[in-house]
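Geometric and topological summary
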Amino acid sequence: MLKLFSNPNLKKYQEIISEINTLEENLKTLNDNELRRENEMIKHEFKKEQNLSNLLPRSFALTREASKRTLGLRHFDVQIIGGLVLNEKKIAEMKTGEGKTLVATLPAVLNAISGKGVHIVTVNDYLAKRDQLSMGQIYRFLSFNTGLINENSTTLERKKNYNADITYVTNHELSFDFLRDNIATEIEQIVLRPFNYCIIDEIDSILIDEAQTPVILTENNQDLSIQKYIIAEEAIKYLTLNKHYEIDEKNQNIILNETGYKVVEQAIKRDNLYDVRDPWIAYIMNALKANHLYYKDIHYIIQNNRIISVDEFTGRLMIDRRWGDGLHQALEAKENIPIRPSSQTVASISYQNFFLMYPKLTGMTGTGKTAEVEFEKIYDLKVEIIPPYRTNKRIDLPDLIYKNQFTKWTAITQFCRKIFLTNQPILVGTKTVEKSEMLGQLLKEFKLPYQLLNAKPENVRREAEIIAQAGKLKTITISTNMAGRGTDIILGGNSFSKVQKELYNFLTISRKSKKISKNLIIQYKDISQQLYNCLIILLTDLEFLKLPSIYLLQTVQQNSQRSISSLYYERYIQLMFNKWNKYYYKHYKQENSIIKNIGGLYVIGTERNDSLRVDNQLRGRCGRQGDPGKSLFFLSLDDTLLRLFGGTKFQTFVKTQLEEDEIPLQSTFLAKTLNKAQKQIEERAYTTRKTLFDYDQILNQQRTIAYFERNEMVNQSSHKSLAFTYGEQVLKTYLNKMQENSYFIEYTINILEEIFGKELELKIFHLMSLTTEEFDLTEIKCYFVHEFWLICQKKFNEILLYGNDIFKNIEREQTFRGIDQIWKEHLDKIILLRNAVIWQSYGQKNPLTEYKRQAYETFSNRKEIFLYYTLYILFKTNLE
Ligand code: ADP
Ligand code: MG
């Protein structure tokens with residue numbers, strides 16, 4: 001046994017691992033079909049006993065055997081422990097390169113047995129595709145089907161793929177599908193099944209970093225204030241920094257002083273920026289923020305005349321995400337590009353509440369422990385550290401601190417050159433797109449070749465390729481935080497990516513040229529005779545069967561649902577893929593050992609990030625699976641982190657220590673200060689997320705109720721006339737309240753009149769004029785119900801002339817319109833309410849309690865408004 005159990009928590013797994021290892025001996029002797037049969041038996045037993053834990057050892061052993069036969073990878077014992085941890089609703093912390101993708105297959109197969117679906121969530125489309133393509137082979141071998149959702153999937157494809165046993169999907173697609181499902185009006189539009197089991201890869205990235213902002217589904221609003229953004233942008237040009245306003249960079253805020261207000265008021269010719277009928281203050285503040293806190297190529301880029309925000313943590317473009325409350329428009333005004341109208345929130349949810357909907361939620365990451373408190377408090381998830389398969393040999397050198405940006409970047413460039421001359425591959429991480437490009441320019445001046453990976457579309461397209469080559473000799477790769485997650489940099493090159501690309505190219509060309517040319521593959525003869533033979537057979541078959549190679553393209557690109565006829569080819573491609581892979585693997589292995597001898601990958605950080613986790617992710621790019629590697633951060637006194645959080649004591653200390661410009665400083669005191677600064681930022685961010693979560697929880701309860709009610713409606717195919725049901729409810733409320741409150745009576749009568757017309761009103765008045773002695777309440781109620789029924793019947797008969805179906809459809813359509821309209825208005829109110837309680841001071845009152853109280857009130861009124869609203873629309877419907 002390995003020295004697995006330095007962590008006492010893991011001791012308990014010893015026994016089960018031995019059991020799995022014993023089972024392996026037996027499975028080895030079975031043929032492929034017998035293995036599949038074993039899986040069928042496991043499924044069968046589950047049906048009888050409904051107990052997964054009893055079946056765990058057999059299922060894990062089977063998955064391992066399937067992996068050996070398909071991918072040629074045998075799960076290490078530490079990976080089995082990872083799988084066990086994931087099955088216990090805990091987070092498995094496993095370092096980069098430890099094979100978390102493969103670990104997930106164990107609990108995925110086990111939990112797929114129930115047939116209720118397993119979701120494996122990744123941070124981007126590329127990883128979802130990569131993992132589904134590779135791991136899908138194991139699942140398919142065991143007769144499970146796998147699904148993949150990507151941004152281009154249609155509704156039908158989504159539904160199909162979510163129905164698979166195991167589905168790979170990004171957090172982005174998944175959460176939006178959930179929101180879209182809840183505005184669907186037909187059952188066919190709903191793509192998700194009830195949630196069951198979810199494994200989140202890079203869980204801290206999703207549940208912590210991305211959880212800072214909620215997922216929001218919007219629709220365009222008619223916004224008449226576009227001019228205001230432009231005027232505000234002009235108006236602030238009259239303001240001077242420090243005279244009229246100050247920038248509070250730490251809190252990302254701008255403070256406008258009295259004189260500042262006056263200047264703006266004059267500029268826009270208004271007396272009061274806060275005038276409720278013509279409010280300006282928000283426009284002015286947004287214009288200031290857009291100009292002083294948000295920078296092009298750092299916070300956003302411009303593409304096709306649009307502002308697209310760049311995610312701070314992942315470095316990726318957030319195409320669908322617009323900054324709210326007018327900031328996005330202010331940025332458009334600043335950049336002088338078309339201003340797009342603001343949008344209305346149709347549905348929203350925080351990642352926290354979204355993922356908490358899974359009965360069984362788990363995840364894995366290389367950097368979980370530092371966020372353990374948050375995971376426990378919010379998600380009730382513990383973090384378990386799994387020891388690495390091979391000891392980590394990476395060397396993290398102490399940070400180097402320079403006086404200013406100029407000396408720092410010069411030093412980085414010179415250092416890159418020095419390392420480049422030793423042939424060692426280098427990965428340089430930068431915080432922003434802008435800096436990645438600047439470094440590129442510097443390297444160019446030194447005549448050093450480099451690859452650039454940042455959020456710019458032209459670079460993203462080549463992401464897989466760039467990463468696959470980042471571990472090759474004499475390669476410099478500059479990357480924003482993008483490359484930080486999930487990507488596997490293999491010393492000497494990644495054969496898997498290489499083959500995928502080659503095979504893809506091969507099939508594309510052969511498809512385009514229609515007639516398949518043998519010349520095309522002659523080049524492969526040099527590489528390997530065997531590979532060449534394989535390709536020849538494939539081409540002959542293609543020609544013979546006239547099978548469009550598009551099938552095969554799909555197989556290589558992704559595994560979409562396919563027909564029986566292509567199944568044979570899929571297997572064939574797989575076989576060839578593995579052979580090809582083996583060849584490159586051997587080829588790259590030589591380069592791999594050369595690089596190992598010269599020290600592995602060198603990771604260079606160009607500033608510390610806001611979170612230690614992000615720094616560690618970057619360092620973790622090297623030293624995978626016991627490889628050698630080094631990491632070194634270059635910092636400067638005027639880096640944002642040091643400037644804002646370093647403190648004056650720190651600054652003076654460093655300044656006195658730095659004698660000459662070019663000679664950097666290295667000390668433990670510095671490291672401690674930096675760690676403290678990062679902690680401060682993380683704590684602040686945690687408070688923001690906790691607040692978001694606390695507030696969203698209240699909305700979450702309401703959302704659950706609202707979505708439940710709505711869902712009932714979607715699933716109902718035939719029902720009693722809705723109009724009639726709603727009418728009855730309105731009437732009942734009215735009757736119950738009749739005696740209590742005269743204001744309410746009047747109010748209701750007005751509404752009833754609006755809805756049902758004059759006829760009913762006259763009758764009501766007639767009744768009201770009678771004195772209470774002349775009738776009893778029950779009588780009155782009966783009378784009302786009767787009258788109401790007659791009126792309804794009359795209206796129905798009018799509409800029914802057009803046919804029963806038409807009426808039902810109209811009813812359904814109007815009801816959904818009612819539900820959605822009321823919910824949207826409710827969301828708007830809740831957002832306003834939230835801002836109001838946060839900004840207003842309630843004396844001793846806790847804003848959260850106040851928010852809860854008012855949110856509850858708004859929600860309870862919602863139902864009543866809905867009934868009136870829908871009835872009104874229904875009864876006013878004019879079919880002409
Ligand atoms: P992580 O997500 O933990 O950073 P990956 O899942 O990307 O790691 O895997 C890293 C590499 O390790 C991949 O190239 C994979 O093929 C390899 N690998 C994983 N498990 C095994 C194993 N049991 N035996 C051999 N190689 C493995
Ligand atoms: Mg990974």
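What you are looking at is a predicted structure, and each value in this text was computed from that prediction instead of being measured.

Moving on, we get to the overall build of the protein chain. Tallying secondary structure elements over the protein chain gives 35 helices and 21 strands in all. Counting across all 880 residues of the protein chain, residues that qualify as buried make up 53%. Taking contacts inside the protein chain between residues at least 6 apart in sequence as the whole, the part at least 24 apart equals 75%. Of the accessible surface of the protein chain, which amounts to about 41,800 Å², a share of 53% is contributed by carbon and sulfur atoms.

The next thing to look at is the packing of aromatic side chains. Considering all chains together, one arrives at 20 aromatic pairs under this definition. Of the aromatic side chains, those joined through ring pairs into one cluster are Phe 178, Phe 195, Tyr 351, Phe 354, Phe 355, Tyr 358, Tyr 707 and Trp 823. Note that Lys 360 overlies the ring of Tyr 197, its terminal NZ or CZ placed 5.0 Å from the centroid. Between the NZ or CZ atom of Lys 474 and the centre of the ring of Phe 420, over which it lies, the distance is 4.4 Å.

Read across the sheet, seven strands follow the order β3-β4-β2-β5-β13-β1-β14 without closing on themselves; strand pairing throughout is parallel. Since the sheet does not close on itself, it has two edges, and those belong to β3 (146-148) and β14 (383-385), each with one partner. Neighbouring strand axes in the sheet, compared pairwise and without regard to direction, differ in orientation by 20° on average. Pairing between β3 and strand β4 (residues 166-170): three bridges, direction parallel.

So, on to the side chain of Lys 228. Relative to the assigned elements, Lys 228 resides in helix α11 (residues 226-235). A relative accessible area of 15% means that Lys 228 is categorised as buried. For Lys 228, the contacting residues outside a window of four places in its chain are Asp 278, Pro 279, Trp 280 and Tyr 283.

If you check the backbone angles, Asn 423 has positive phi at about 80° while not being a glycine. Structurally, Asn 423 is set in the loop between α17 (405-421) and β17 (426-429). At Gln 625, a residue that is not glycine, the phi angle is positive and equals roughly 45°. Mapped onto the fold, Gln 625 is located in the loop between α26 (612-619) and β21 (629-636). Given the relative accessible area of 28%, Gln 625 is considered partly exposed.

A separate point is the site of ligand 1. In the vicinity of ligand 1 lie 18 residues, with Arg 74, Gly 97, Thr 101, Asp 488 and Gln 625 positioned nearest. Contacts to ligand 1 include Gly 97, whose backbone N or O atom sits 2.6 Å from an oxygen atom. One of the backbone nitrogen or oxygen atoms of Glu 98 is found 3.3 Å away from an oxygen atom of ligand 1. Counting atoms within 2 Å of the grid points, the majority share of ligand 1 lands in the second largest pocket. The element that contributes the greatest number of residues to the shell around ligand 1 is helix α5 (residues 100-103), accounting for three residues. Here the shell around ligand 1 is built from residues that sort into four nonpolar, seven polar and seven charged.

Our next topic: the environment of Leu 192. Positionally, Leu 192 belongs in the loop between α9 (171-181) and β5 (197-201). By relative accessible area, Leu 192 is classed as buried at 13%. Separated by 33 residues in the primary sequence, Leu 192 and Lys 159 have C-alpha atoms spaced 6.5 Å apart. Ignoring anything within four residues of it in the chain, the contact list for Leu 192 reads His 119, Tyr 162, Leu 174, Asp 177, Phe 178 and Asp 181.

Below, the discussion takes up the layout of surface pockets. There is about 1,600 Å³ of room inside the second largest pocket. What lines the second largest pocket is a set of 50 residues, and nearest its centre among them are Leu 73, Asp 488, Ile 490, Tyr 585 and Arg 624. Of all elements in the fold, only α3 (52-70), α5, α7 (125-141), α21 (495-512) and α25 (564-597) reach the threshold of two or more residues within the lining of the second largest pocket. Split into classes, the residues belonging to the lining of the second largest pocket amount to 12 nonpolar, 20 polar and 18 charged.

Turning to empty space enclosed by the protein, a few remarks are in order. With the rule as written, the count across this model stands at eight cavities of 30 Å³ or more. By volume, the second largest cavity is sized at about 80 Å³. Along the walls of the second largest cavity sit Asn 182, Ile 183, Val 346, Ala 706, Tyr 707, Arg 710, Ile 819, Asp 820, Trp 823, Lys 824 and Arg 862, which together make up its complete lining. Counting only elements with at least two residues in the lining of the second largest cavity, the list comes to α29 (668-715) and α34 (804-839).

Looking now at the environment of Ile 419. Residue position: Ile 419 is located in helix α17. Taking relative accessible area as the criterion, Ile 419 reaches 6% and is therefore assigned buried. Ile 419 sits 183 residues away from Tyr 602 along the chain, and the two C-alpha atoms are 8.2 Å apart. Sequence-distant contacts of Ile 419, defined by excluding residues within four places in its chain, comprise Gln 424, Ile 426 and Tyr 602.

Ranked by internal contacts, the top residues of the largest apolar core, which has 52 residues, are Leu 174, Ile 200, Leu 207, Phe 355 and Phe 375. For this core, the element with the most residues is α29, which contributes seven residues. Looking at which domains feed residues into this core, each of domain 1 (9-214 + 353-385) and domain 5 (700-876) gives three or more. Those residues in contact with Leu 174 that lie beyond four places of it in its chain are His 119, Val 121, Tyr 162, Val 169, Leu 192, Phe 354, Phe 355 and Tyr 358. By size, the runner-up hydrophobic cluster in this structure holds 48 residues, among which are Ile 17, Leu 27, Ile 42 and Leu 55.

Residues annotated by UniProt as "binding site: ATP" (unreviewed entry) correspond here to Gln 79, Gly 97, Glu 98, Gly 99, Lys 100, Thr 101 and Asp 488. The subset of the named residues that lines the second largest pocket consists of Gln 79, Gly 97, Glu 98, Gly 99, Lys 100, Thr 101 and Asp 488. Relative to the assigned elements, Glu 98 resides in the loop between β1 (91-93) and α5. Setting aside chain neighbours within four positions, we find Glu 98 in contact with Gln 79, Pro 387, Pro 388, Tyr 389 and Gln 625. Along the polypeptide, Gly 99 turns up in the loop between β1 and α5.

Judged by pairing direction, the sheet is antiparallel, and its three strands sit side by side in the order β9-β10-β11 without closing on themselves. Looking at which strands have only one partner, the edges of the open sheet turn out to be β9 (300-303) and β11 (317-318).

With that out of the way, let us pick up the confidence of the model for the protein chain. The share of residues in the protein chain with pLDDT of 70 or more is 80%, and the mean pLDDT across the chain is 82. Averaged over each element, pLDDT in the protein chain is lowest for helix α24 (residues 550-557) (48) and highest for helix α6 (residues 105-112) (98). Taken together, the stretch residues 544-551 has pLDDT below 50 and engages in 12 contacts with residues farther than four places along the chain or on a different chain. Taken as a whole, residues 554-566 scores under 50 in pLDDT and shows 28 contacts with residues more than four places along the chain or in a different chain.

Take helix α8 (residues 155-162) next. It helps to recall that an α-helix has 3.6 residues per turn; residues three or four apart then point in one direction. Every buried residue of α8 is accounted for by Arg 158, Asn 161 and Tyr 162. Along the axis of α8, the buried positions cluster into a sector of 95°, meaning they face one direction only. The inward-facing, buried residues of α8 abut β2 (118-122), β3, β4 and α9.

The next subject is the pairing of β9. The pairing of β9 with strand β10 (residues 306-310) spans four bridges and is classified as antiparallel. For Ile 302, the partnering residue across the bridge sits in β10 and is Ile 307. With antiparallel pairing between neighbouring strands as the criterion, β9 and β10 make up a hairpin whose turn holds two residues, including Asn 304 at a positive phi of roughly 45°.

Here is what the cut-offs are and how they apply
- Residues numbered from 1 in each chain as written.
- Chains lettered and ligands numbered in written order.
- Predicted model: local features only at pLDDT ≥ 70, side-chain atom pairs only at ≥ 80, totals over all residues.
- Heavy atoms only, no water.
- Helix = DSSP H or I, 4+ residues; strand = E, 2+ residues; numbered from the N terminus.
- Buried < 20%, exposed > 50% of the residue type's maximum accessible area, 1.4 Å probe, protein only.
- Contact = heavy atoms within 4.5 Å.
- Areas by Shrake-Rupley, 256 points an atom, 1.4 Å probe, with all protein chains shown as cover.
- Phe/Tyr/Trp six-rings, centres within 6.5 Å; stacked < 30°, edge-to-face > 60°.
- Lys NZ or Arg CZ within 6 Å of the ring centre and 35° of its normal.
- Pairing = 2+ DSSP bridges.
- Axes fitted to C-alpha atoms, helices over the stretch in contact; angles between N-to-C directions.
- Near = heavy atom within 4 Å.
- Polar contact = N/O pair within 3.5 Å; in protein donor to acceptor, adjacent residues only side chain to side chain.
- 1 Å grid on protein atoms, 1.4 Å probe; cavity = no way out; pocket = protein on both sides within 12 Å on 5 of 7 lines; lining within 4 Å.
- Sits in = over half its atoms within 2 Å of the grid points.
- Nonpolar A, V, L, I, M, F, W, Y, C, P; charged D, E, K, R; others polar.
- Points joined across faces, edges and corners; volume = space filled by probe spheres on them.
- Core = buried A, V, L, I, M, F, W, Y, C linked by side-chain atoms within 4.5 Å.
- Domains from an automatic or database assignment.
- UniProt positions renumbered as here; feature names shortened; annotations may be inferred.
- pLDDT = per-residue confidence, 0-100.
- Arc of directions from axis to C-beta.

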